[in-house]
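Analysis of the macromolecular model
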Amino acid sequence: MTEAILLVGGRGTRLRPLTVHTPKPMLPAAGVPFLTHQLARARAAGVDHIVLATSYLAEVFEPHFGDGSALGLHLEYVTEDEPLGTGGAIRNAAAHLHSAPEDPVLVFNGDILTGLDIRRLVGTHRATGADVSLHLTQVTDPRAYGLVPTDETGRVLAFLEKPQTPEEIVTDQINAGAYVFRRSVIDTIPAGRPVSVERETFPDLLAAGAHLQGMVDSTYWLDLGTPAAFVRGSADLVLGRAPSPAVPGRCGDRLVLPTARVAGDAKLTGGTVVGEGAFVGEGARVFGSTVLAGAVVEPGAVITDSLIGARARIGERSVLTGTVVGDGAVIGADNELRTGVRVWCDAQIPTGALRFSSDE
């Protein structure tokens, strides 16, 4: 297997304001754009040609990655004029593939952090003679996902919408967002219109008698679609819980990029990342969080499970928990922001303006 299609066209609406200026796959995770981790893992599995299916803020990908040679890859870029959905994007990108009709083509989503054994998925595809093979993972609570039951050989039996009752939960297996297609199968996807591979392509193939094979791989898997998940994923990469050959440094409790400055008595733990040119002041404590390039954390601030956008500033003694602060925003001193708060890009919160406790 030498070719892949990587779907990176989503708008990342659940991650706003992080995605106001940056497409989701380009958000920094463990010090580099998240897409870097995916490309590096694909290369390590033997992929050498990847077509990026872009749409939202498509212009930022190629200037960063170029032709892919720095990663040992040949990258091409395809931009959708109008969003085509997952299936439509795959069909649109297929014109840039070089594979023969029977060859396998890897397809994966640009927002999934996973330890998937890619070679094993391709091996399963070849060994079973499947038309499409799907990476399945097992989750404790599958109610938020579409279910994919299989028989004892792993052959897919159905695609079930999100279950609403306990009786509808017939399996804990869900679609994990990575596939291997027989090249000729991609050409059966309708061209020039939006198509959902999950809701249309796969069910239609199954109804037509195609062989869809599921491979359960329950290593690390995380959908990075929400701010809390993205922060967790970055921390897990730094801690070494999620595998990636692209982490720019040793795995450990923290990752401080070369031009960042951290005061000697500041405490960084839990997989915290401090980006290029950022500053963390005296006595500050940052746990399991990401401080992006050029951001400032002033003395005495306490930041937990949060993401501080590029060039943002967190005032002295402010306490942030489970918070997203957009690029260029300013949080004045002595504020308290709790789980779920999103501060928009360039917003300004005055000193002591928001609190959940007494000011005594």
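Rules used throughout
- Residues numbered from 1 in each chain as written.
- Predicted model: local features only at pLDDT ≥ 70, side-chain atom pairs only at ≥ 80, totals over all residues.
- Heavy atoms only, no water.
- Helix = DSSP H or I, 4+ residues; strand = E, 2+ residues; numbered from the N terminus.
- Rg over C-alpha atoms; globule rule 2.2 N^0.38 Å.
- Buried < 20%, exposed > 50% of the residue type's maximum accessible area, 1.4 Å probe, protein only.
- Contact = heavy atoms within 4.5 Å.
- Lys, Arg positive; Asp, Glu negative; His and termini not counted.
- Charge placed at Lys NZ, Arg CZ, Asp CG, Glu CD.
- Core = buried A, V, L, I, M, F, W, Y, C linked by side-chain atoms within 4.5 Å.
- Phe/Tyr/Trp six-rings, centres within 6.5 Å; stacked < 30°, edge-to-face > 60°.
- Polar contact = N/O pair within 3.5 Å; in protein donor to acceptor, adjacent residues only side chain to side chain.
- Pairing = 2+ DSSP bridges.
- UniProt positions renumbered as here; feature names shortened; annotations may be inferred.
- Arc of directions from axis to C-beta.

Re the overall build of the protein
- When helices and strands are tallied, the protein shows 7 helices and 28 strands.
- Taken over the C-alpha trace, the protein has a radius of gyration of 22 Å; the compact-globule value for 360 residues is 21 Å, and the two agree within 12%.
- Based on the C-alpha atoms only, the size of the protein along its principal axes is roughly 70 × 50 × 35 Å.
- When burial is assessed residue by residue, the protein has 55% of its 360 residues classed as buried.
- The long-range fraction of contacts in the protein, counting pairs at least 24 apart against all pairs at least 6 apart in sequence, stands at 52%.
- Of the charged side chains in the protein, 30 are positive and 41 negative; the average position of the first set lies 4 Å away from that of the second.

Quick word on the nonpolar core
- Judged by nonpolar contacts, the single largest core of 28 residues is most densely connected at Ile-5, Ile-90, Val-132, Phe-181 and Phe-202.
- Taken together, the elements giving at least two residues each to this core come down to strand S1 (3–7), strand S4 (49–54), helix H3 (85–93), strand S6 (104–109), strand S8 (132–138), strand S9 (173–182), helix H5 (183–186) and helix H6 (197–207).
- The residues contacting Val-132, other than those within four sequence positions of it, are His-125, Tyr-179, Val-180, Phe-181, Val-185, Phe-202, Leu-205, His-211, Leu-212 and Gln-213.
- Counting 25 residues, the second-largest nonpolar core is a separate cluster that includes Ala-45, Phe-61, Leu-75 and Leu-106.

Concerning helix H1 (residues 34–44)
- The buried fraction of H1 is high, at 9 of 11 residues.
- Restricting attention to buried positions, one finds in H1 the residues Phe-34, Leu-35, Thr-36, His-37, Gln-38, Leu-39, Ala-40, Arg-41 and Ala-42.
- Where H1 ends, the next residue or the one after it, Gly-46, has phi of about 105 degrees, a positive value.

Topic: the packing of aromatic side chains
- For the structure on display, the rule yields 5 aromatic pairs.
- Here the aromatic residues Phe-159, Tyr-179, Phe-181 and Phe-202 are joined through ring pairs into a cluster of three or more.

Remarks on the side chain of Ser-133
- Following the sequence through the fold, Ser-133 ends up in strand S8.
- A polar contact is formed between the side chain of Ser-133 and the side chain of His-125, at a distance of 2.9 Å.
- Apart from residues lying up to four places away in sequence, Ser-133 is in contact with Leu-121, His-125, Ala-178, Tyr-179, Val-180 and Gln-213.

Quick notes on the sheet that holds strand S28 (residues 348–349)
- One open sheet accounts for 6 strands, arranged S13-S16-S19-S22-S25-S28; its pairing is parallel. Looking along the sheet, the strands with just one partner apiece sit at the ends: strand S13 (261–262) and S28.
- Taken together, the 2 bridges between S13 and strand S16 (residues 279–280) define a ladder with parallel strand orientation. Across the sheet, the residue bridging to Arg-261 is Phe-279, located in S16.

Topic: the UniProt feature "domain: Nucleotidyl transferase" (unreviewed entry) in the protein
- Per the UniProt record, "domain: Nucleotidyl transferase" (unreviewed entry) is annotated on residues 4–236.
- Between the C-alpha atoms that bound residues 4–236 there is a distance of 25 Å. The span itself is 26% helix and 23% strand.

Quick word on the environment of Leu-268
- Note that Leu-268 resides in strand S14 (residues 267–269).
- A sequence separation of 17 residues divides Leu-268 from Arg-285, and the C-alpha atoms of the two residues are 6.1 Å apart.
- Sequence-distant contacts of Leu-268, defined by excluding residues within four places in its chain, comprise Asp-253, Arg-254, Val-256, Val-262, Val-274, Val-280 and Val-286.

Re the environment of His-21
- Along the chain, the position of His-21 falls in the loop between S1 and strand S2 (28–29).
- Since its relative accessible area comes to 44%, His-21 is described here as partly exposed.
- Sequence separation between His-21 and Cys-345 is 324 residues; the distance between their C-alpha atoms is 9.1 Å.
- The contact partners of His-21, leaving out residues within four places of it in the chain, are Leu-57, Asp-327 and Cys-345.

Thoughts on helix H4 (residues 118–128)
- Taken together, the buried positions of H4 are occupied by Ile-118, Leu-121, Val-122, Thr-124 and His-125. Angularly, the buried residues of H4 cover 155 degrees about the axis, an arc narrow enough to put them on a single face. Seen from the buried face of H4, the exposed residues on the opposite side, beyond 90 degrees, are Arg-119, Arg-126 and Ala-127.
- Residues of H4 that are buried in the fold lie against H1, S6, S8, S9 and strand S10 (212–216).
- If you check the start of H4, you find a side-chain oxygen 3.3 Å away from the backbone N of Arg-119, and it comes from Asp-117.
- Phi for Gly-129, located one or two positions after H4, is positive at around 65 degrees.

Re the pairing of S4
- For S4, the tally of buried residues reaches 6 of 6 residues, placing the bulk of the element in the interior.
- Pairing geometry for S1 and S4, over 5 bridges, is parallel. Opposite Ile-5, over in S4, you have Val-51 as the bridge partner.
- In this structure, S4 lies alongside strand S5 (residues 74–79), joined through 6 bridges in parallel fashion.

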